[in-house]
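Below are the chains, spelled out letter by letter.
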Amino acid sequence: MTVEPLIGDVIGELLRDTLAVATGVGPRPLVGGRLPRPVIEIIERDDGLINGAPAAHYLDGPAEWQPYDHRAVDRAHGETLDIGTGAGRIALLLQERGVPVTGLDTSAGALEVSRRRGVRRLVHGTVDTHVADGAQYDTFLLLGNNLGLFEGRERAPEFLAALAALARPGAQIIAQGTDPYGTRDPLHTGYHERNRRRGRLGGQLRLRLRYRELSTEWFDYLVCSADEFASLVHGTGWRLTDVDHRDAPYYLATLRLAD
Ligand SMILES: C[S@@+](CC[C@H](N)C(=O)[O-])C[C@H]1O[C@@H](n2cnc3c(N)ncnc32)[C@H](O)[C@@H]1O
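Residues numbered from 1 in each chain as written. Predicted model: local features only at pLDDT ≥ 70, side-chain atom pairs only at ≥ 80, totals over all residues. Heavy atoms only, no water.

- The protein chain is annotated in an unreviewed UniProt entry as Class I SAM-dependent methyltransferase from Micromonospora trifolii.

So, in structure tokens, the structure goes:
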């Protein structure tokens, strides 16, 4: 009998183990019961593609970051919400700079890791559930490719409406995305075509994450061009005011709440 993976807190478990491997403190995966085993995040796509990505980068300090992460953090001001904070790498630097920052995440384990690393203000939930808390922000950050949380055409306006409900006048969103269309790999170009045939955006990925015996549910994660992103924002209460392409294919999109 084949056992299906358990649905669980994949990100939380892998960040806990990544922290244990990095610090040498606490139970951690070992090779042969002795040597630390690198923690790998397994990403499955709904066409059968599987990728493994070392999870250590979630703990990276500013010296290891990409230039666009620094430019994003430099633009944060006022009350800041770090959406999908992960292990809190962005929130930690903002805190150090005296910027009032809250880390938001759906993963209880990620929040525990962020707390242990020193992030002081953390919220468990989504932007939608956080609206009920009555908090208000000047800056929303979606870094580490978290423009993906816009998911696609259906979810994007809901996501932006929740952010508008959490926004102070003049608030900004800074989201880091990746243009997926530079590839010539038929595995990816074929996937983009298949998505479009189904009425989805080409880079609207259907994914699940795996770690050890755990899996997430399948979810949509948006990897789109800046033009596609502009079309998702059009007609909402937000305006796309800047796209920083200096590190193409990675980009930073800045949105402001329309007056
Ligand atoms: C790709 S990681 C990015 C982590 C962090 N921003 C960074 O740059 O290191 C995505 C994070 O978003 C969280 N997440 C996923 N869906 C979410 C949602 N709907 N609302 C808030 N956080 C979410 C995950 O648990 C994970 O910690």
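## Here we look at the overall build of the protein chain
- Secondary structure assignment for the protein chain yields eight helices and 15 strands.
- A compact globule built from 259 residues should have a C-alpha radius of gyration of about 18 Å, and the protein chain, at 18 Å, falls within 12% of that.
- Dimensions of the protein chain, computed from the C-alpha atoms along their principal axes, are close to 60 × 45 × 35 Å.
- In the protein chain, which comprises 259 residues, the share counted as buried stands at 47%.
- Within the protein chain, residue pairs in contact and separated by at least 24 positions form 62% of the contacts whose partners lie at least 6 positions apart.
- As displayed, the protein chain has an accessible area near 12,600 Å², and 53% of this comes from carbon and sulfur atoms.
- Across the protein chain, the centroid of the 30 positively charged side chains sits 3 Å from that of the 35 negatively charged ones. (Helix = DSSP H or I, 4+ residues; strand = E, 2+ residues; numbered from the N terminus. Rg over C-alpha atoms; globule rule 2.2 N^0.38 Å. Buried < 20%, exposed > 50% of the residue type's maximum accessible area, 1.4 Å probe, protein only. Contact = heavy atoms within 4.5 Å. Areas by Shrake-Rupley, 256 points an atom, 1.4 Å probe, with all protein chains shown as cover. Lys, Arg positive; Asp, Glu negative; His and termini not counted. Charge placed at Lys NZ, Arg CZ, Asp CG, Glu CD.)

## Overview of the nonpolar core
- Counting residues in hydrophobic clusters, the biggest one holds 32 residues, and the most contacted among them are Ile 83, Phe 140, Phe 150, Leu 163, Phe 229 and Trp 238.
- Within the residue set of this core, elements represented by two or more residues are strand 6 (80-83), strand 9 (137-142), helix 6 (155-165), strand 10 (167-178), helix 8 (226-233) and strand 15 (250-257).
- In terms of residues, this core owes the most to one element, helix 6, which gives five residues.
- Not counting residues up to four positions away in its chain, the partners in contact with Phe 229 are Leu 147, Phe 150, Cys 224, Leu 240, Tyr 251, Ala 253 and Leu 255.
- One finds Val 101, Leu 122, Leu 141 and Ile 174 within the second-largest nonpolar core, a separate group that totals 18 residues. (Core = buried A, V, L, I, M, F, W, Y, C linked by side-chain atoms within 4.5 Å.)

## Quick look at the environment of Ala 135
- Mapped onto the secondary structure, Ala 135 falls in the loop between helix 5 (127-130) and strand 9.
- With 31 residues separating them along the chain, Ala 135 and Leu 166 place their C-alpha atoms 6.3 Å apart.
- When residues no more than four places from it in sequence are discounted, the contact partners of Ala 135 are His 130 and Leu 166.

## Topic: the UniProt feature "domain: Methyltransferase" (unreviewed entry) in the protein chain
- Mapped onto the present numbering, the UniProt feature "domain: Methyltransferase" (unreviewed entry) falls at residues 81-170.
- Taken end to end, residues 81-170 comprises 36% helix and 23% strand; its first and last C-alpha atoms sit 15 Å apart. (UniProt positions renumbered as here; feature names shortened; annotations may be inferred.)

## Description of the packing of helix 1 (residues 10-23) against helix 4 (residues 108-116)
- Here helix 1 crosses helix 4 at 30 degrees, and the two axes come no closer than 7 Å. Relative to helix 4, the element helix 1 is oriented roughly parallel. Residues Ile 11, Gly 12, Leu 15, Arg 16 and Leu 19 of helix 1 pack against Gly 109, Ala 110, Glu 112, Val 113 and Arg 116 of helix 4.
- Split into classes, the residues belonging to the contact of helix 1 with helix 4 amount to five nonpolar, two polar and three charged. (Axes fitted to C-alpha atoms, helices over the stretch in contact; angles between N-to-C directions. Parallel < 35°, antiparallel > 145°, perpendicular 65-115°, else oblique. Nonpolar A, V, L, I, M, F, W, Y, C, P; charged D, E, K, R; others polar.)

## Considerations on the packing of aromatic side chains
- Counting across every chain of the model gives six aromatic pairs.
- Ring centres of Phe 140 and Trp 238 lie 6.3 Å apart, and the angle between their planes is 85 degrees; on these two criteria the pair is classed as edge-to-face. Of this pair, Phe 140 sits in strand 9 while Trp 238 sits in strand 14 (residues 238-244), and the two are 98 residues apart along the sequence.
- The class for Phe 140 is buried, based on a relative accessible area of 0%.
- Relative accessible area serves as the criterion here: at 4%, Trp 238 is assigned to the buried category.
- Each ring, one from Phe 150 and one from Phe 159, has its centre 4.8 Å from the other, and the planes form 50 degrees; the classification is tilted.
- Given the relative accessible area of 4%, Phe 159 is considered buried.
- Every member of this aromatic cluster is reached through a ring pair, and the members are Tyr 137, Phe 140 and Trp 238.
- Here the guanidinium or amino end of Arg 89 rests over the ring plane of Trp 65, the centre of that ring lying 5.1 Å away. (Phe/Tyr/Trp six-rings, centres within 6.5 Å; stacked < 30°, edge-to-face > 60°. Lys NZ or Arg CZ within 6 Å of the ring centre and 35° of its normal.)

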